[in-house]
Amino acid sequence: MGLNSNRVDDFFSHNGNTSVTTVKVSTEITMPAPEAATMEIHTVCLPPKKTTFQKLKHRLSDIFFPDDPLYGFKNQTWCKKLVLGIKSLFPICQWGLEYNLSLFRSDIISGLTIASLAIPQGISYAKLANLPPIVGLYSSFVPPLVYSVLGSSRHLAVGPVSIASLVMGTMLSGSVSPTNEPILYLQLAFTATFFAGVFHASLGLLRLGFIIDFLSKATLLGFMAGAAVIVSLQQLKGLLGIVHFTNKMQLIPVLTSVFEHKNEWSWQTIVMGFGFLFFMLTARHVSMRNPKLFWVSAAAPLTSVILSTILVFCIKSKAHGISYIGHLQKGLNPPSLNMLYFNGQHLALAIKTGIVTGMLSLTEGIAVGRTFASLKNYQVDGNKEMMAIGLMNMAGSCTSCYVTTGSFSRSAVNYNAGAQTAVSNIVLAAAVLVTLLFLMPLFYYTPNVILAAIIITAVIGLIDYQGAYKLWKVDKLDFLACMSSFFGVLFISVPLGLGIAVGVSVFKILLHVTRPNTVVLGNIPRTQIYQNLHRYKEASRVPSFLILAIESPIYFANSTYLQERMLRCIREEEERINENHESILKCVIIDMTAVTAIDTSGIDLLCELRKMLEKRSLQLVLVNPVGSVMEKLHQSNTLESFGTSSVYLTVWEAVGDISASWKPQP
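Residues numbered from 1 in each chain as written. Predicted model: local features only at pLDDT ≥ 70, side-chain atom pairs only at ≥ 80, totals over all residues. Heavy atoms only, no water.

### Some points on the overall build of the protein chain
Applicable threshold: Numbered from the N terminus, helices here are DSSP runs of H or I no shorter than four residues, and strands are runs of E no shorter than two. Burial status follows relative accessibility: with a 1.4 Å probe on protein chains alone, a residue under 20% of its type maximum counts as buried, one over 50% as exposed, and anything between as partly exposed. By the convention used here, residues are in contact when the closest approach between their heavy atoms is within 4.5 Å. For the charge count, each Lys or Arg is scored as positive and each Asp or Glu as negative, with His and the chain ends excluded. Each charge is placed at NZ for Lys, CZ for Arg, CG for Asp and CD for Glu.
A tally of helices and strands in the protein chain yields 26 helices and eight strands. Residue burial in the protein chain is summarised as follows: out of 666 residues, 50% are buried. For the protein chain, the proportion of contacts with a sequence separation of at least 24, taken over those separated by at least 6, is 78%. Charge-centre separation for the protein chain: the mean point of 50 positive side chains lies 11 Å from the mean point of 38 negative side chains.

So, in structure tokens, the structure goes:
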């Protein structure tokens, strides 16, 4: 490329409507425009000075109070603040004052609809957790009442859920047998529920909800799909009528146990089980195809329970191969505060189970609540939800309930049935109350095979193959995380599968932090814009300049990598220049627009890089460091070593000013 000091490149020109100064720009780069352009150089300012206390206060406010929860209390009288505080603590006081008969009509229909689904599911999920079936009904009575007072979601239907039930059953039964030590097992289940509630409430009170974000959507998708497969295979015990079955939750042991006990298969159980399973899956398919027929899938489980119970009652003398529930105790939830297990050798197991099931149930509950809130254009406060779900589980642990949260299947039915407020949960609790007081003898002949079919129908919706395919198309690393958690659950164990899911999520975060993206920028002709050379084909390199952009904070964890990466880019640029016989490299510009933070290791990196480039007669220039970065550079005296002419507001100004300062070569 030829050199000409009398011409100015057109990428320094404005669009004609900007202010100009008397500074004339000249450069040695070959320029297409015949006229010299003028430009104004802006100063990169330091942020307003703050004390250490002010900085700490602002930072903590951003971390723990991003939504500014006290905004509504500003400029209010003490009486008004008290009313607002009560409404904030008890959301029922917000909508309860405006409640009317029209809303109640909608809520009672939706409440009775989800009750028809919740009652059979509650019994089934309790069996999944290796608990007495009656505990599932207890857990569908007290928790919905508590949530209706404290919860902020209008559509969340509360009760036992499949994944938390599976995880609790797996973790507890690994150390304590539910058949040999049923009382101890029940104590640990209630204690784990208590600690799950403490975990939920603590996160909400301390505003630490971001902890559950370590379970990314991709890892949860794989975990739930793997758990759904394991749960479904475990139900083959009930569908086939097998008596002796493995307690392990891995794919190979479960399948091995199925075929090792072929002599226990009962043809009556198989016919009834697969017949009703087909009926419920068909009802589910009909409702998915036509959402207006939501009541078809909602009523299918209870219909199956009623029909199968009548059938078993009529043929009980002939159907010896079909097992049924048997006696269920009538009455309200008995108190279980005296059963909480706070000392002994299994306390650590109860705490660990509570935290794991608490994390899963909280993630599901908040995700479901936010999903339906977005459909109706209202906001769900995540921290209030954590408090509500936590207090709900703590109260439940004292009233013979195990871990509960918002169920997606029941919440979807609640939403489609036209629920308007949390009163639908009160109606649900009332229906369960009637069942507990008067209808329990009717479940005596309910076959266990129906419970297995109900569980399979419920969990099969957790296998989201379309979501996995989307992950493959959009983000291969997310797909890897999804598959890791999926196969971890299938072949290792459910708790370890969850651990793998969290581990892969953390690894992904570390990968992004320690290996940030760096790109080479070029100028888009006839503009002041600089963009990625590999992304924008029309962008061109600026002779004698190498412009790099760092797209992450600079920390101790990535400073060494960034130094090596930038030195490599400089070496490759010099090799390219030599091969093409272009103007020698004189200046390296680092665009720091995306560098949101820097620590002392990052500052040392910049200083070392400047010294290394000086020895090679290369100038290092920083562009647009953000306020916090600029402040640290100033406090560390790094700006003094760089000089005021080495920090610019934009890449365009940096290239123009530095080019103007170079003397033309003869």
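This is not the end of the story, as more comes after the structure.
### Considerations on unusual backbone geometry
Here N130, not a glycine, exhibits a phi torsion of approximately 60 degrees, which is positive. Within the secondary structure, N130 sits in the loop between helix 4 (101-128) and helix 5 (133-138). The phi angle at S400 is positive, at roughly 65 degrees, despite the residue not being glycine. Structurally, S400 can be placed in the loop between helix 15 (382-397) and strand 2 (405-406). The buried category is assigned to S400, whose relative accessible area is 5%.

### As for the nonpolar core
So the rule is basically this: Nonpolar cores are built from buried Ala, Val, Leu, Ile, Met, Phe, Trp, Tyr and Cys residues. Side-chain atoms within 4.5 Å join them into one set.
Counting residues in hydrophobic clusters, the biggest one holds 122 residues, and the most contacted among them are L131 and F223. Considering every element that reaches this core, the biggest residue donor is helix 8 (residues 182-205), with twelve residues. With 36 residues, the next largest nonpolar core counts V44, I603, L622 and V647 among its residues.

### Digging into helix 20 (residues 476-491)
Here is the rule we go by: By definition here, a helix of n residues has an expected span of 1.5 Å times n minus one.
Under the 1.5 Å per step criterion, the end-to-end length of helix 20 is 22 Å for 16 residues, consistent within 8% with the ideal 22 Å. Looking at helix 20, one finds that the buried residues are D478, A481, C482, S485, F486, G488, V489 and L490. Buried residues along helix 20 sit in contact with helix 9 (217-234), helix 11 (251-260), helix 19 (465-474) and helix 21 (494-514).

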